[in-house]
Amino acid sequence: SAHVEVLACHGLPKLDKFTATDAVCYFVCGPFAFATDVIDGFMSPVWPSKSRRACIFPIFHAYQKLFVGVFDDDGAAANDDFAGRAVID
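What comes next is a walk through the structure. Just so you know, these numbers come straight off a predicted model, no measurement behind them.

**Examining the overall build of the chain**
Thought 1: Helices and strands together make up the secondary structure of the chain, namely 0 helices and 6 strands.
Thought 2: In the chain, the succession of α and β elements from N to C terminus is β-β-β-β-β-β.
Thought 3: A compact globule built from 89 residues should have a C-alpha radius of gyration of about 12 Å, and the chain, at 14 Å, falls within 12% of that.
Thought 4: Buried residues in the chain amount to 31% of all 89 residues.
Thought 5: Once the 7 positive and 11 negative side-chain charges of the chain are each reduced to a mean point, those two points are 5 Å apart.

**Comments concerning the packing of aromatic side chains**
In this description, an aromatic ring pair is defined by two values, namely the gap between the centres and the angle between the planes.
Thought 1: Applying the stated criterion to the full structure yields 4 aromatic pairs.
Thought 2: Aromatic side chains F71 and F82 sit 5.7 Å apart centroid to centroid with 75° between the ring planes, which places their arrangement in the edge-to-face category. Of the two residues, F71 is situated in strand β5 (residues 66-72) and F82 in strand β6 (residues 81-88); the sequence distance between them amounts to 11 residues.
Thought 3: In this structure F71 comes out as partly exposed when scored by relative accessible area, which is 22%.
Thought 4: Owing to a relative accessible area of 47%, F82 belongs among the partly exposed residues under this scheme.

**Remarks on a nonpolar patch on the surface**
Thought 1: Together, V28, F67 and V87 make up an exposed nonpolar region whose accessible area comes to about 230 Å².
Thought 2: By secondary structure assignment, the location of V87 is in strand β6.
Thought 3: Residue classification places V87 among the partly exposed residues on the basis of a relative accessible area of 37%.

**Digging into the sheet that holds strand β2 (residues 23-29)**
Strand pairs in the sheet, formed through backbone hydrogen bonds, run parallel or antiparallel to each other.
Thought 1: Pairing is antiparallel in the open sheet, where 4 strands are placed in the order β3-β2-β5-β6. For this open sheet the edge positions go to β3 (32-35) and β6, each flanked by a neighbour on one side alone. For this sheet, the mean angle separating the axes of adjacent strands, direction not counted, is 15°.
Thought 2: One ladder, built from 4 bridges, connects β2 with β3; its direction is antiparallel. By the bridge assignment for β3, Y26 is matched with A35.

**Remarks on the nonpolar core**
Thought 1: The biggest cluster of nonpolar side chains holds 16 residues, and the ones touching the most others in it are V4, C9, C25, F27, W47, F57 and L66.
Thought 2: Where this core is concerned, the elements lending two or more residues are β2, β4 (54-57) and β5.
Thought 3: With 4 residues, β2 is the largest single contributor of residues to this core.
Thought 4: Every residue in contact with L66, bar those within four places of it in the chain, is listed here: V4, F27, V28, C29, F57, A86, V87 and I88.

What counts, and at which threshold
Residues numbered from 1 in each chain as written. Predicted model: local features only at pLDDT ≥ 70, side-chain atom pairs only at ≥ 80, totals over all residues. Heavy atoms only, no water. Helix = DSSP H or I, 4+ residues; strand = E, 2+ residues; numbered from the N terminus. Rg over C-alpha atoms; globule rule 2.2 N^0.38 Å. Buried < 20%, exposed > 50% of the residue type's maximum accessible area, 1.4 Å probe, protein only. Lys, Arg positive; Asp, Glu negative; His and termini not counted. Charge placed at Lys NZ, Arg CZ, Asp CG, Glu CD. Phe/Tyr/Trp six-rings, centres within 6.5 Å; stacked < 30°, edge-to-face > 60°. Patch = residues over 30% accessible without salt bridge, like charges linked within 9 Å, V, L, I, M, F, W, Y side chains within 5 Å. Areas by Shrake-Rupley, 256 points an atom, 1.4 Å probe, with all protein chains shown as cover. Salt bridge = Lys/Arg side-chain N within 4 Å of Asp/Glu carboxyl O. Pairing = 2+ DSSP bridges. Axes fitted to C-alpha atoms, helices over the stretch in contact; angles between N-to-C directions. Core = buried A, V, L, I, M, F, W, Y, C linked by side-chain atoms within 4.5 Å. Contact = heavy atoms within 4.5 Å.

Pasting the structure below:
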């Protein structure tokens, strides 16, 4: 299994005209997905220890990848703005 935890993001772009970034991270590993809590109004957000920031993914084979995306949360009625991504082999 893979234990995944996001602690912070640094220097996210300003994607909204009037507000700072409302950061959320999405993780996808095989058929499983996880989303962190949204951290409102910071360009370099830090997830508190009591927030939803960690998960465990089962690993079924040695070549499985973990996809991580960082987005600016715009609420349920709008599409989130892309801020960055990483792929971990």
